[in-house]
Structures are given as structure tokens and as C-alpha cells.
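Given next are the chains, with one letter for each unit.
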Amino acid sequence: MAKTEEASSSSSIVDSAPRPWESYHTVYTNAKAGMDGVDKEKVQRVVYEMSKGSKYFENEERKEAYMKQKIENMRDQLANLKTTDISNYQKVADKRIAELEATRDLSRIWLHVDMDAFYAAVETLSNPSLKGKPMAVGSMSMISTANYEARKFGVRAAMPGFIACKLCPDLIFVPTDFKKYTYYSDLTRKVYHEYDPNFTAASLDEAYLDITKVCKEKGITGGEVGEELRENVYKATGLTCSAGIAPNRLLAKVCSDINKPNGQFVLPNDRAAIMTFISSLPIRKIGGIGKVTEHILKDVFEIKTCEDLLQKSSFLCALFSHSSAEFFISVGLGLGGTDPPSVRSRKSISNERTFSATKNEAFFNQKLVELADMLSADMEKEGLHGRTLTLKLKTASFEVRTRALSLQSYICSSKDILKHASKLLKAELPVSLRLIGLRMSHFNEEKSANVSDPTQRTILNFIKSGDFNKESVDVNNGLHDAYNDEETLSQVTEISCSDYNETEPSSSSSSSSNHEKNQEQELMWVDDYKCLICGLELPPSFLEERQEHSDFHFAQKLQQEEKSRQIYRNIPLKHRMMSGKDGGVGQGKGKKKQKHSVKNGNHIPIDAFFTKRS
DNA sequence: GGGTCAGCTCCAA
DNA sequence: TTCCATTGGAGCTGACCC
């Protein structure tokens, strides 16, 4: 791997290089457990030969070019740093190192457990004839995992099946069966629960356990707990796993990879031991440092090990954002999570489907219907309502685009999702696609969250505030003046109606919005008969009329607010009202322009995402 | 001019 | 012939608001 990295940095023109595959970087040419002794150059060559000329390859080259540009930019920035700058950044870095060092906690013992080639092992368990044969779980398109026999050939997870076939012609493919994996995963979790009831499952086959307490209670070491736990997992499932025991989660994760498969590694709770361990640890072993970050750190700063991160900390502070620099420094110090991770609530929910590239719009619409149905069902299952919908597209050339819109209300019905998703898609047509995805985010935290905003301008808040008494005078005296401009009136009314429409029952919004409306009705109609604001009498059976009347007062309230602001700012009301509607459906604040940067090649260069801007 | 939000892209697991 | 699916998060820009 080191050899190929050196080669890549020295060969700038791919095609003229004698070994072009050496500069073709993929995630699956990186070292992984069970791949020692693999002819890496052969793997890289095969991967390159099989990929060369494909749309995927072209896209990878584009990304590579962006990355090189980014590296060049960062090198320039680095070269332009003056001695005084460096000296100042060194002070910043030293301060941050001292602060982070002060947070070091060596009192906890963490265990990271990782099942060995989990999916493949489960499949072998249910079909013992696979034992000893090279096998991969997945398909010709993509492999989820490969057993250790297959890894000897360079076959691994995240590799396309057709390339794996070339590397290992006798490779057996087994389709994925998540039901089976979930069943075995549950068995392992029952074991974990005995050691730490609050363990964190990182995936079906990985978990973090705080074993401090169990070590004390049983009077045994972390290593002994690890041995016992792995034994119990084997007894419960017939599957082997590996473990890492360390003072924090970050290190425990690194440690569990060291003696894979069916082994474990213990890093003592001792600062000197940690620093020794970290000093020679390649940065790529750290969770959070992937292919791109590794490349940048190596090519710009010549950082290869975690120790280098500390030594180059001043440059990292100079060129990276505060949070990125802090992360790198904490890695250099061997710090990681020691507190129990807080329970994280779901931030988004999505689904996406890949298909053969096509321009068929009817097909896109069909896919959108399916995705909206699936998303809606998933959301309903979890009782979620979201207000930001993101459409994800992957074009035939593997370019990924996302388009999002934020609505005024929370939705979850497939009908609503489809309605907005279709609009987003329409703006992108014509286009040749190979993937469509939908993601919903910005959930209402609780069922009532969508009505909880105290600053939201609703009739309920309006009445509760008591302002209506004061303003009802205006209603009687100056109402007609306020609505002299008919166009303005229609626009104001439109806004109020749309506000209600966004939360109407048909959009399957939560019952809380209905509840609020009912509350408003109760508050508005004295003795269920007379309008509290203007005294108009309407019997309860006149539902529509009452609704219109509510809208009328709400519009009036908005109008008056707008008018007072208009006077203050001396800006024509009409213009502001129109710009507010201009953005169309659910523009949140309604005044943002749609960006189409990627289409024109104007999208933000990759280096914008890491490099600190002046 | 600073704070905030929406939109977007990318990275990582 | 063929390069997945899902989630979370960082960090940037542009627009708006105060």
C-alpha cells in the first residue's frame, strides 16, 4: 500500500505512467483483516483493468482530479504561511493539546466487539458445505462481505461482484438474507446485555460495551471479560468474534481489528502505553479517517501516523476548521469517547433505489411512487412527520445531485411526499438517471411539536396574547382601510389558507394540528355561537363559514402586522408579500433561489469542505 | 455585520 | 454486461432578519 501511495504522488499523468493502476485508488485496495499476503499489485491491476473506461471510472477520475486540486490549494496555503503565522498557530495548537490532555479519562474500560465476517459466517453456519470455500455475500453488482478464504484473493466488502469474480474465478455468491443476520445479531446482543445493559450497537455485527462495572464486580481484568464474552457469544451462536479492550471507544475499535479473526487485543489504561500504541498507528486505522482524509493528510502534510498528527498540529490548526483540527489532535493524543454515548434520536429517514441508467420519465415517476410509498410506510411505522424532503439523484455518469425543500408543515403521507418529490424531480428533467432516492428530515420531536412554536402566528396565539381586544377596535374602525388594496387582501388571505392547508387532515398531519384548530374554535366562539373578536354570530353547524371567518381574522392579523412593519421599513407591502409567495411550495422562508450549480460545473470544489477559509 | 436557516456536497461507516 | 443502501454529520454559500 505504501508503495502505491508513493507511486501515486509521483505520477501526475495517469495514462503516461507505466503502471496506471497504481494511481487508481479504491476503498477496496486498502488493507483489511485477513488480507495479509494478498498480491496487492495484482488486485489493483485487476480492479483498474475491469474499471477502466466505464462511467464509474470516469467519475472516479473526476473526483480524483478535484482531490488533487484541493491538495494543491492546501499546499499553496501551507507554503504561504509566514513564520509568525506558524508560531501563532503553534501556540493555538499547544493550548488545545493541553486542554484536551486535561480531559483524559483513564478510569473506564471499553470493549469493542466485532463479529468475524459476519454475513459470510452466518451463511456458512446454515450451509456447512460452504466451509473452506471462497464465498461472498452479495451479487455481481456489489459484495456485502467475503469470507477469509475469498479475502486471500483480494475479494472484500464494497467490491463489485464482477471484479471479485475476476480475482477469484471459483468464488461462490450467496444472496443477502437480512432476516437471518438479524436473528443471529439478536443472539449476540443478548450476550452483550449481560455485560453492559446499556451497550451501543454500532451495526448488526458490532457493539461497544462499557465493562468497567462488570470488571469491578467480578474482580477480573478487561482481557478476561473479553475472553469470557467471546466464549459466550460462540456458545450462543456458533460464530466467532474479535474484541478490543481499551480506555475509550476509539481505541477499543482500533484494537478489535488487531487480532482478527477470533482474537482480542488489550490496551492498558496507561498514558505511556497509549502514546506508544498511537505513535506508529497509521491514520487510516482511525474511525472517521477515510480514503480522502488519509490522502490529504499524507499528500499535504506528510502525516502517516497518529503521532504525526500531534507533530503537525500547528499546520492542522492553520488549515482546518476548529472541529476538524480538534479531532485530529485528540486522535494524536489517543483520546476518544469515554462517556456513555447519549441516546441519539433519528435525524432523517430515507430510501433509494438503483436501476439501469434510463431517461424514461414514466419510469422515474413509477420509481418515485414506490419510494414515496416506502418512505411513508417507514415513517408511519416510527410515528414520524417531517418537513424537509430531499430528492437524491445519481446520473448515468455517477454524478450525485440532491435537491431539497422545506415545507411549512410536517408531512408523512405518500401522497404529500410524492407531490413535492415530483416537483423537485421535474426541475431536473430531462436527465438520464441510475438512482433515485428520497430522504425526509426535520422531524417534529414530539407529536405536539408542530404546534409548539410560541412565536408561530396562529389564531390561538393571537387570541391567547389578548391582542385581539386592542385590535378588534381596529377591525371595526379601520378594517376597510386596511383592505383597500384588493390584491393585497387576496394575497394575505391566500397565505393564511395555505398555512391551514399545510396542516389539514388530508395531509395526514398529526392529530395535534386538529386539536389546535379545535382549541382555536373553542376560544374564538363564545358560548359556541359568537365570535370573540368581532361579535359575529355563527352556529356550530356552519363549519365552513366558521373556518372562513377564522381565516379572515388570521389574515387580518397578518395584514396589520405587515402594515406596521411596512411603515417602519418604508418598503412596499405588495412587493414583500409577493416575494414571500414567489418561492412556490414550501420554501420555508420562501425566498431562496434554487441552485443548479452542478449542472454548470460550478459546484463548490471539494477543498471547500475541509480547508479553512480566510 | 452577525446570526440563522435552507440547500448542497462530500465523507465515513 | 455489471460499481449498493442507509444514516449522520461537517462545513460551505447565499439569502434573509434584526
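These numbers were taken from a predicted model, which means no experiment stands behind them.

A. Representation of the overall build of chain A within the structure. Each helix and strand in chain A was counted, giving 24 helices and 14 strands. The buried share of chain A, reckoned over its 614 residues, is 45%. For chain A, restricting intrachain contacts to residue pairs at least 6 apart in sequence, the fraction spanning at least 24 positions comes to 67%. As displayed, chain A offers around 31,400 Å² of accessible surface, 52% of which is attributable to carbon and sulfur atoms.

B. Structural view of the sheet that holds strand E10 (residues 386-395). Strand order in this open sheet of 4 strands is E9-E12-E10-E11, and the pairing throughout is antiparallel. Whereas interior strands pair on both sides, the edge strands pair on one side only; in this sheet they are strand E9 (348-358) and strand E11 (400-411). If you compare each strand with its neighbour and ignore which way they point, the axes differ by 15° on average. Examined bridge by bridge, E10 and strand E12 (residues 433-443) share 9 bridges and lie antiparallel to one another. Across the sheet, Thr 390 pairs through a bridge with Arg 439, a residue of E12. Strands in contact with helix H17 (residues 361-382) are E9, E10, E11 and E12; relative to E9, the strand with the most contacts, it is inclined by about 160°.

C. Quick look at the pairing of strand E6 (residues 206-210). Judged by how many residues are buried, E6 sits mostly within the fold: 5 of 5 residues are covered. Burial along E6 is two-sided: Glu 206, Tyr 208 and Asp 210 and Ala 207 and Leu 209, pointing in opposite directions, are all buried. Bridge count between strand E1 (residues 110-115) and E6: 5 bridges; the pairing is antiparallel. Residue pairing across strands places His 112 opposite Tyr 208, the latter belonging to E6. Bridging between strand E5 (residues 200-203) and E6 involves 3 bridges; their strand directions are antiparallel. Each residue of the ladder has a partner; that of Ala 201, found in E6, is Ala 207. The turn joining E5 and E6, which pair antiparallel and follow one another in sequence, is formed by 2 residues.

D. Examining the packing of aromatic side chains more closely. For the structure shown, the criterion picks out 14 aromatic pairs. Both rings, one in Tyr 48 and one in Phe 57, keep their centres 5.6 Å apart while their planes meet at 70°; by these two values the pair is edge-to-face. When the centroid spacing of 5.2 Å and the interplanar angle of 80° are considered together, the rings of Tyr 56 and Phe 398 count as edge-to-face. Of this pair, Tyr 56 sits in helix H3 (residues 55-79) while Phe 398 sits in the loop between E10 and E11, and the two are 342 residues apart along the sequence. Residue Tyr 56 is classed as partly exposed on the basis of its relative accessible area of 32%. The class of Phe 398 is buried, set by a relative accessible area of 16%. Here the basic side chain of Arg 151 rests over the ring of Tyr 148, its NZ or CZ set 4.5 Å away from the ring centre.

E. Quick look at the pattern of salt bridges. Considering all chains together, one arrives at 23 salt bridges under this definition. We note a salt bridge from Arg 108 to Asp 210, for which the minimum N-O separation is 2.8 Å. On the criterion of sequence distance, the pair formed by Arg 108 in the loop between helix H4 (83-102) and E1 and Asp 210 in strand E6 is long-range, its members being 102 residues apart. Taking the relative accessible area as the measure of exposure, Asp 210 reaches 13% and is therefore buried. Two residues, Arg 230 and Glu 227, come together in a salt bridge whose shortest N-O distance is 3.4 Å. Here Arg 230 pairs with Glu 227, and both are found in helix H10 (residues 222-237), just 3 residues apart, close to one helical turn. Residues participating in the shared-partner salt-bridge network are Glu 399, Arg 401, Arg 403 and Glu 428.

Rules and cut-offs
- Counting from 1, residues in each chain are numbered in the order their sequence is written.
- Just so you know, chain letters begin at A and ligand numbers begin at 1, following the order they were written in.
- A pLDDT threshold of at least 70 governs which residues receive local features in this predicted model, and a stricter bar of 80 or more applies before side-chain atom pairs are shown or counted, although totals over entire chains, interfaces and linings include all residues.
- In computing side-chain values, all of the structure's heavy atoms are included and hydrogens and water are not.
- Note on conventions: DSSP H or I runs of at least 4 residues are helices, E runs of at least 2 residues are strands, and numbering of each starts at the N terminus.
- With a 1.4 Å probe rolled over the protein chains alone, any residue whose accessible area is under 20% of its type maximum counts as buried; one over 50% counts as exposed, and the rest are partly exposed.
- Note on contacts: a residue pair qualifies if any of its non-hydrogen atoms lie within 4.5 Å across the two residues.
- Surface exposure here means Shrake-Rupley accessible area, sampled with a 1.4 Å probe, where a residue is shielded only by the protein chains that are shown.
- Between any two strands, pairing holds if DSSP finds at least two bridges.
- A fitted line through C-alpha atoms represents every axis, and for helices the fit uses only the stretch in contact; the resulting angles, taken between N-to-C directions, go from 0 to 180 degrees.
- Think of it this way: a Phe, Tyr or Trp ring, Trp meaning its six-membered ring, pairs with another when their centres are within 6.5 Å, and the plane angle makes it stacked under 30 degrees, edge-to-face over 60, tilted otherwise.
- Two conditions define a charge sitting above a ring: the NZ of Lys or the CZ of Arg must be within 6 Å of the ring centre, and it must be within 35 degrees of the ring normal.
- Take a side-chain nitrogen of Lys or Arg and a carboxyl oxygen of Asp or Glu: if they are within 4 Å of each other, that pair is a salt bridge.

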